[in-house]
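Residue-level structural notes
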Amino acid sequence: MAAGYLDILRARHAARLLAGTLVGRLPNGTAHIAIVLFTRAEGGSYTLAGALAAVYGLATAVGQPLLGRAVDLYGQPRVQLPAAVASALGMGMLALTGPGSLAVAFAAVVVAGVFTPPLEGGLRALWPAVLGDEERVHRAYAMDAVAQEIMFTLGPLLVTLLVSLWSPSAALLVINAIGVLGALSVVLSEPSRAWRSAPREAHWLGALRSPGLLALLGSFFFVGLALGSITVAAVAYADDHGRESVYGWLMAALGLGALVGGAVYGARQWAGAPERRLRYLVALLALGYLPLALTPGVAAMTALTALAGVFLAPTMACSFIVVDRHAPRGTVTEAFSWLVTTFGVGAAVGTAVAGPAIEGGGTTWGFVVTGASGVAALLVLLATKKALTVHGSTAVAVRRSENDRNGAVEPGFSSGHKA
């Protein structure tokens, strides 16, 4: 298992790109947690905290595909770094002014969200150029998902540590300053400066003209909704038990479970179409979310949260392959950015819905939203099975992704694009 990942990390530029992307994405990966903790510390209600986090998620959802399309058209450095700086300034404005002025607070999270750099999609566009070999690219997608879970495991702990040692506002400022440094590391690298997207067909819908991609995004909206609702429900659970640290442990357990699941998933090659495999993974993901509504004691709840995370990274890694198979030519960064956008919208709705659900019916109802969202994600995949089917006419083996001249596809599968 470890040998395959080490082989990837030994490739020139790979470790730097992965580390820089993870560090650069730290503000986005911890934003919902940081915003909720900051708002509550400043005397805001759960509803206000959820609303601010929701607006941030919606703003990110708007900005990601637009910035992703800009990256496909103009390259990474000219888009990623300015966006990272603008996003950090927006979050800094929130930290310095607080939620007292609602207009300023909401404007700050809008700026921070809209300008969140599409580093995640950018990295997946770079893997084929950096690694070349199909099998290594496939494993890199899995490693990418695993590495994200390391960030989601350590990120909440870092935020809660900064809050404990300093203050919630300091946590916002420090996390976003670190994020700018990560983005800078990526855009100064040789692969990022040299990368260019393949020529694309002029179409106002861009990547969204693919029915298969739309089906995938519809499902992952509900996966994002589930994760967004967990963020707020876990805070309420920690408040019920009188210990702020419980929240960090629950979030860390969720990330740790996903880390373990992703590491196991990426250690082997998988037979069969990834679209079919994705349905099974989302079913298992939904099954893991349902028991959270039981809200047992802290030890048992931490274990259930870890179990709920096991299938998250495998689901993400499989979805990356599905995106590559269904994204139109020349839209690779935009297509991956739409996946991020879907999570942003879903998480925004999840945080917005979970707050009132908790205030109306207690912590349990926050986790009911989580379980119901997982089931909805599965139902969307089942309902759109035809759109996600790669037919024989398009299932011709290819050696390279059409989105990049050095691209690669999952071993044993076609890209899903016509020659």
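Residues numbered from 1 in each chain as written. Predicted model: local features only at pLDDT ≥ 70, side-chain atom pairs only at ≥ 80, totals over all residues. Heavy atoms only, no water.

Below, the discussion takes up the overall build of the protein. Along the protein, the regular secondary structure elements total 17 helices and zero strands. Out of the 419 residues belonging to the protein, those deemed buried represent 59%. Restricting the contact set of the protein to residue pairs at least 6 apart, pairs at least 24 apart contribute 82%. Looking at the protein as shown, the accessible area adds up to about 15,500 Å², and 68% of this sits on carbon and sulfur atoms. (Helix = DSSP H or I, 4+ residues; strand = E, 2+ residues; numbered from the N terminus. Buried < 20%, exposed > 50% of the residue type's maximum accessible area, 1.4 Å probe, protein only. Contact = heavy atoms within 4.5 Å. Areas by Shrake-Rupley, 256 points an atom, 1.4 Å probe, with all protein chains shown as cover.)

Our focus in this paragraph is the nonpolar core. Counting 115 residues, the largest nonpolar core has L94 and W127 as the members making the most contacts within it. Element by element, the count of residues in this core is highest for helix α11 (residues 211-240), at 15 residues. When neighbours within four sequence positions are excluded, L94 is seen to be in contact with I35, F38, A105, A108, V109 and L172. (Core = buried A, V, L, I, M, F, W, Y, C linked by side-chain atoms within 4.5 Å.)

For the protein, per-residue confidence averages 83 on the pLDDT scale, and residues scoring 70 or more make up 89% of the total. Of all the helices and strands in the protein, helix α1 (residues 2-9) carries the lowest mean pLDDT, 76, while helix α17 (residues 363-383) carries the highest, 95. Counted against residues more than four places away or in other chains, residues 391-419, with its pLDDT under 50, gives 82 contacts. (pLDDT = per-residue confidence, 0-100.)

Our next topic: the packing of helix α5 (residues 77-97) against helix α6 (residues 102-114). As a packed pair, α5 and α6 sit with axes 7 Å apart at the nearest point and diverge in direction by 160°. Between α5 and α6, the angle is such that the two are roughly antiparallel. In terms of crossing hand, the pair formed by α5 and α6 is left-handed. Residues A86, S87, G90, M91, M93, L94 and T97 of α5 form the contact with α6, whose own contacting residues are V104, A105, A107, A108, V109, V111 and A112. Broken down by class, the residue content of the contact of α5 with α6 amounts to eleven nonpolar, three polar and no charged. (Axes fitted to C-alpha atoms, helices over the stretch in contact; angles between N-to-C directions. Parallel < 35°, antiparallel > 145°, perpendicular 65-115°, else oblique. Left-handed = near helix turned anticlockwise from the far one by under 90°. Nonpolar A, V, L, I, M, F, W, Y, C, P; charged D, E, K, R; others polar.)

So, on to the pattern of salt bridges. Summed over all chains, the structure comprises eight salt bridges. Measuring nitrogen to oxygen at the nearest pair gives 2.9 Å for the salt bridge that ties D144 to R124. In this pair, D144 is assigned in helix α8 (residues 134-165) and R124 in helix α7 (residues 119-131), connecting sequence segments 20 residues apart. A cluster of three or more residues bridged by salt bridges with shared partners is formed by R25, E120, R124 and D144. (Salt bridge = Lys/Arg side-chain N within 4 Å of Asp/Glu carboxyl O.)

The next thing to look at is the environment of L254. Mapped onto the fold, L254 is located in helix α12 (residues 245-266). Between the alpha carbons of L254 and A306 there is a distance of 4.5 Å; along the sequence they are 52 residues apart. Excluding its chain neighbours within four sequence positions, the residues that come into contact with L254 are L227, I230, T305, A306, A308 and G309.

Attention now goes to a nonpolar patch on the surface. On the surface, a nonpolar cluster with roughly 530 Å² of combined accessible area is contributed by L284, L287, L290, V375, L379 and L382. Counting residues per element, the ones that place at least two in the nonpolar patch are α13 (274-289) and α17. (Patch = residues over 30% accessible without salt bridge, like charges linked within 9 Å, V, L, I, M, F, W, Y side chains within 5 Å.)

It is worth spelling out the packing of α11 against helix α16 (residues 332-361) at this point. Direction vectors running N to C along α11 and α16 enclose 40°, while the axes themselves pass 6 Å from each other. In terms of their interaxial angle, α11 and α16 are classed as oblique. Relative to α16, α11 is oriented so that their crossing is right-handed. Residues belonging to the contact of α11 with α16 are distributed by class as follows: 20 nonpolar, eight polar and no charged.

A word on the packing of aromatic side chains. A complete count under the given rule lists five aromatic pairs for this structure. An aromatic cluster is defined as three or more aromatic residues linked by ring pairs; in this entry it consists of Y141, F320 and F336. The positively charged end of R124 is found above the aromatic ring belonging to F320, 3.6 Å away from the centroid. (Phe/Tyr/Trp six-rings, centres within 6.5 Å; stacked < 30°, edge-to-face > 60°. Lys NZ or Arg CZ within 6 Å of the ring centre and 35° of its normal.)

Before going further, it helps to examine the environment of A234. Mapped onto the fold, A234 is located in helix α11. Along the sequence, A234 and T363 sit 129 residues apart, while their C-alpha atoms lie 8.2 Å from each other. With sequence-adjacent residues up to four places away left out, A234 is seen in contact with Y247, L250, M251 and F367.

Our focus in this paragraph is the side chain of E120. When you line up the elements, E120 lands in helix α7. Take E120: its relative accessible area is 7%, and that puts it in the buried class. Within polar-contact distance, the side chain of E120 engages the side chain of R25 at 3.0 Å. Apart from residues no more than four positions distant in its own chain, E120 is found in contact with T21, R25, Q148 and V340. (Polar contact = N/O pair within 3.5 Å; in protein donor to acceptor, adjacent residues only side chain to side chain.)

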